[in-house]
Amino acid sequence: MLPSDMYSQPNAADPVLDEWTVLDIVRRHGVRCSAVTSIDEIGGEARAYVLDDNLVLKVQRPHRLRPRTSLEKEAFFLHQLAAYLDIVVPHVLGYGRHDNIEYLVMTQMPGVPALTVELIGGQRMAVLHQLGRTLRRLHSIPQAPFYGSALFPGNRTQDAFVECVRATLAHAVQVIGATPNLWHLDVSPADLASRVLAALPASVDLVALHSNPGPVHTFVQPDTLDFVGLIDFGDAYISHPALDWRWPTHADRVALLHGYCDEIPVTDEFMVAWRAALVLSDMAALATRPETRPQALERLGDLLMTFT
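Residues numbered from 1 in each chain as written. Predicted model: local features only at pLDDT ≥ 70, side-chain atom pairs only at ≥ 80, totals over all residues. Heavy atoms only, no water.

A. Up close: the packing of aromatic side chains. On inspection of all chains with the given rule, the structure shows 9 aromatic pairs. Geometrically, the ring pair formed by Phe76 and Phe146 is edge-to-face, given 6.0 Å between the ring centres and 70 degrees between the ring planes. Of this pair, Phe76 sits in helix α2 (residues 71-81) while Phe146 sits in helix α4 (residues 144-147), placing them 70 residues apart in sequence. Accessibility expressed as a relative area gives 22% for Phe76, which makes it partly exposed. Judged by relative accessible area, which is 0%, Phe146 ranks as buried. One aromatic cluster in this structure is built from Phe76, Phe77, Phe146, Phe152 and Phe233. For Arg156, the ring lying beneath its charged end belongs to Tyr147, and the centroid distance is 5.9 Å. (Phe/Tyr/Trp six-rings, centres within 6.5 Å; stacked < 30°, edge-to-face > 60°. Helix = DSSP H or I, 4+ residues; strand = E, 2+ residues; numbered from the N terminus. Buried < 20%, exposed > 50% of the residue type's maximum accessible area, 1.4 Å probe, protein only. Lys NZ or Arg CZ within 6 Å of the ring centre and 35° of its normal.)

Here is the structure:
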């Protein structure tokens, strides 16, 4: 586990706020509300109190505090996106702290997470296409505010990006090599890592990423399964756009790419970096996330032919 993923106070108390406290916090920001209608703890790092079925008080859970997760960062990102009506995200209504708990007040995203519905065939491709278009817009907004904010970790230069790729691949190769029967591809992990590094273009575009626009954070309409928008920007960081391709199969990621290129084609350099970043992501997942290893190995098999 990387240091940025370690919880800073894993034994801290994690109290559920009573309804009166939740209503009081939200009302401090001039927001009218009458009742807590549900509590969502699926996010792990956060707890979301839903009010009147259209508002959310999102709190950072004390025992799950970690450096890379920040509601202040999420509020910052959402404020930047508020000017772009075609990028559907929650609207920030307030941010602050109550005692030792960080919180964010925002509108509730309509729809349901794509993870909770059966999304197959043409409907799945349509959602991924729209998500790809949304990610292209998100990656294309002015980057100066993100680069100028200390809230966003990551790679701000080409050299930093290359060094991050090198270090991440080296760690993955070490872990994979020490895990028997984990690797079943025709080339060794070290050979594939060398091919990825050799293929990196001389320059890459580095932007603020959502971090995990996968099925759990992609929202769809429950009846039509049409794409709605994205939630949860608290793990955002700066790096290559291809690291925002967080869906389970390589076919999913290709469908995302088609939407990403729908209005404006990407450059050849982007495609080289895209393939390299996907290999990087999959090798890191293979090394550090046992629950995703079968999918990561399958995706690497699909990508291998692009690095022959």
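The discussion continues.
B. Representation of the pattern of salt bridges in the model. What the rule picks out here adds up to 17 salt bridges. Across the pair Arg47 and Asp14 runs a salt bridge whose closest N-O atoms are separated by 2.9 Å. Here Arg47 is found in strand β2 (residues 46-51), whereas its partner Asp14 is found in the segment before α1 (19-27), with 33 residues between them in sequence. Overall, Arg47 belongs to the buried group, its relative accessible area being 2%. Here Arg299 makes a salt bridge to Asp282, at a shortest N to O gap of 2.8 Å. Residue Arg299 is found in helix α9 (residues 293-304), and its partner Asp282 is found in helix α8 (residues 268-288); the two are separated by 17 residues along the sequence. (Salt bridge = Lys/Arg side-chain N within 4 Å of Asp/Glu carboxyl O.)

C. Molecular detail of the sheet that holds strand β3 (residues 55-60). Pairing within the open sheet is antiparallel, and its 5 strands lie in the order β1-β2-β3-β5-β4. In this open sheet, the two edge strands, each paired with only one partner strand, are β1 (36-40) and β4 (92-98). Pairwise comparison of adjacent strand axes, ignoring direction, gives a mean angle of 20 degrees for this sheet. Across the sheet, α1 lies against β1, β2, β3, β4 and β5 (101-107), angled at about 85 degrees from β2, the strand it touches most. Here α2 sits on the sheet and contacts β3, β4 and β5; the angle it forms with β5, its principal contact strand, is near 25 degrees. (Pairing = 2+ DSSP bridges. Axes fitted to C-alpha atoms, helices over the stretch in contact; angles between N-to-C directions. Contact = heavy atoms within 4.5 Å.)

D. Fine view of the packing of α8 against α9. Packing of α8 against α9 leaves a shortest axis separation of 9 Å and a crossing angle of 150 degrees. In terms of orientation, α8 lies roughly antiparallel with respect to α9. Crossing geometry of α8 relative to α9 is assigned as left-handed. Along its contact with α8, which presents Arg275, Leu278, Val279, Asp282, Met283, Ala285, Leu286 and Ala287, the element α9 presents Arg293, Ala296, Leu297, Arg299, Leu300 and Leu303. Split into classes, the residues belonging to the contact of α8 with α9 amount to 10 nonpolar, no polar and 4 charged. (Parallel < 35°, antiparallel > 145°, perpendicular 65-115°, else oblique. Left-handed = near helix turned anticlockwise from the far one by under 90°. Nonpolar A, V, L, I, M, F, W, Y, C, P; charged D, E, K, R; others polar.)

E. Fine view of the packing of helix α7 (residues 250-260) against α8. At a minimum axis separation of 13 Å, α7 and α8 run at an interaxial angle of 150 degrees. Relative to α8, the element α7 is oriented roughly antiparallel. In the packing of α7 onto α8, the handedness of the crossing is right-handed. Along its contact with α7, which presents His250, Arg253, Leu257 and Tyr260, the element α8 presents Phe270, Met271, Trp274, Leu278 and Asp282. Across the contact of α7 with α8, the residue classes tally to 6 nonpolar, 1 polar and 2 charged.

F. Quick peek at the nonpolar core. Counting 76 residues, the largest nonpolar core has Phe77 and Leu192 as its most contacted members. No other element matches the 13 residues that α8 contributes to this core. Residues within four places of Phe77 in sequence aside, it is in contact with Leu138, Phe146, Phe152, Ala208, Leu209, Phe233 and Ala236. (Core = buried A, V, L, I, M, F, W, Y, C linked by side-chain atoms within 4.5 Å.)

G. Focus on the sheet that holds strand β9 (residues 227-230). Spatially, β6-β8-β9 is the arrangement adopted by the 3 strands of the open sheet, whose pairing is antiparallel. Across the chains shown, the open sheet's two edge strands, defined by having one partner strand only, are β6 (112-113) and β9. Bridge count for β6 against strand β8 (residues 218-220) is 2 bridges, and the pairing is antiparallel. Residue pairing across strands places Pro113 opposite Phe219, the latter belonging to β8. Running over the sheet, helix α3 (residues 121-140) touches β8 and β9 and is turned about 35 degrees from β9.

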